[in-house]
Amino acid sequence: MTDDTNARIDSVVKTNRVVLFMKGSPLFPQCGFSSRAIAILDHLNVQYESVDVLQDQGIRQGIKAYSDWPTIPQLYVDGEFVGGSDIMMEMYESGELATLLGGETAAG
């Protein structure tokens, strides 16, 4: 990954509270996992930024190195990598994702 790509990813992750790196757009997701991630965020009524990795091969490969996670979609909240659609689904079902996205933060 180039320093430029890393800097671009870092900027998006750090300047938006909730970011979803996905295939396609929220209106037209290009894979089932991205579609499920969008459905979860929409159901929780969360405002988020989305990045279509299909539009930029550098970002598509770079995000995997950035997070050390091999698949897309990838969710970031408050600058931290949360996980992909399976982790999002588990956290959604347990209520943990709603808590995280609701802005409740642990003391620290």
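Here, the structure is the one placed above.
Rules used in this analysis
Residues numbered from 1 in each chain as written. Predicted model: local features only at pLDDT ≥ 70, side-chain atom pairs only at ≥ 80, totals over all residues. Heavy atoms only, no water. Phe/Tyr/Trp six-rings, centres within 6.5 Å; stacked < 30°, edge-to-face > 60°. Helix = DSSP H or I, 4+ residues; strand = E, 2+ residues; numbered from the N terminus. Buried < 20%, exposed > 50% of the residue type's maximum accessible area, 1.4 Å probe, protein only. Axes fitted to C-alpha atoms, helices over the stretch in contact; angles between N-to-C directions. Parallel < 35°, antiparallel > 145°, perpendicular 65-115°, else oblique. Left-handed = near helix turned anticlockwise from the far one by under 90°. Contact = heavy atoms within 4.5 Å. Nonpolar A, V, L, I, M, F, W, Y, C, P; charged D, E, K, R; others polar. Expected span 1.5 Å × (residues − 1). Core = buried A, V, L, I, M, F, W, Y, C linked by side-chain atoms within 4.5 Å.

## Focus on the packing of aromatic side chains
Part 1: Throughout the structure, instances matching the rule amount to 4 aromatic pairs.
Part 2: Ring geometry for W69 against F81: centres 5.4 Å apart, planes inclined by 55°, an arrangement best described as tilted. Of this pair, W69 sits in the loop between α3 (57–67) and β3 (74–77) while F81 sits in strand β4 (residues 80–83), placing them 12 residues apart in sequence.
Part 3: A relative accessible area of 26% places F81 in the partly exposed class.
Part 4: Ring centres 5.4 Å apart and planes at 50° place the aromatic pair Y76 and F81 in the tilted group.

## Re the packing of helix α2 (residues 32–43) against helix α4 (residues 85–94)
Part 1: Taken N-terminus to C-terminus, the directions of α2 and α4 make an angle of 30°; their axes are 9 Å apart at the nearest point. With respect to each other, α2 and α4 are oriented roughly parallel. Classified by chirality, the crossing of α4 by α2 is left-handed. Where α2 abuts α4, its residues F33, R36, A37, I40, L41 and H43 lie against S85, D86, M88, M89 and Y92.
Part 2: Grouping the amino acids of the contact of α2 with α4 by side-chain chemistry returns 7 nonpolar, 2 polar and 2 charged.

## Considering unusual backbone geometry
Part 1: I72 connects to P73 through a cis peptide bond whose omega is 15°.
Part 2: The backbone phi angle of D68 is positive, close to 60°, even though this residue is not glycine.
Part 3: Within the secondary structure layout, D68 lies in the loop between α3 and β3.

## Some words on α2
Part 1: A rise of 1.5 Å per residue sets the reference length of α2, with its 12 residues, at 16 Å; its end C-alpha atoms lie 16 Å apart and thus fit the reference within 8%.
Part 2: Taken together, the buried residues of α2 touch β1 (18–22), β3, α4 and α5 (96–101).

## Digging into the nonpolar core
One broad trend across soluble globular proteins is that nonpolar side chains are buried collectively.
Part 1: Formed by 15 residues in total, the largest nonpolar core has its most connected members in L20, L75, M88, L97 and L101.
Part 2: In terms of residue count, α2 provides more of this core than any other element does, 4 residues in total.
Part 3: Apart from residues no more than four positions distant in its own chain, M88 is found in contact with L20, A37, I40, L41, L75, G83 and L97.

## Some points on the environment of Q55
Part 1: Secondary-structure assignment places Q55 in the loop between β2 (49–52) and α3.
Part 2: Through-space distance from the C-alpha of Q55 to that of G24 is 8.2 Å; in sequence the pair is 31 residues apart.

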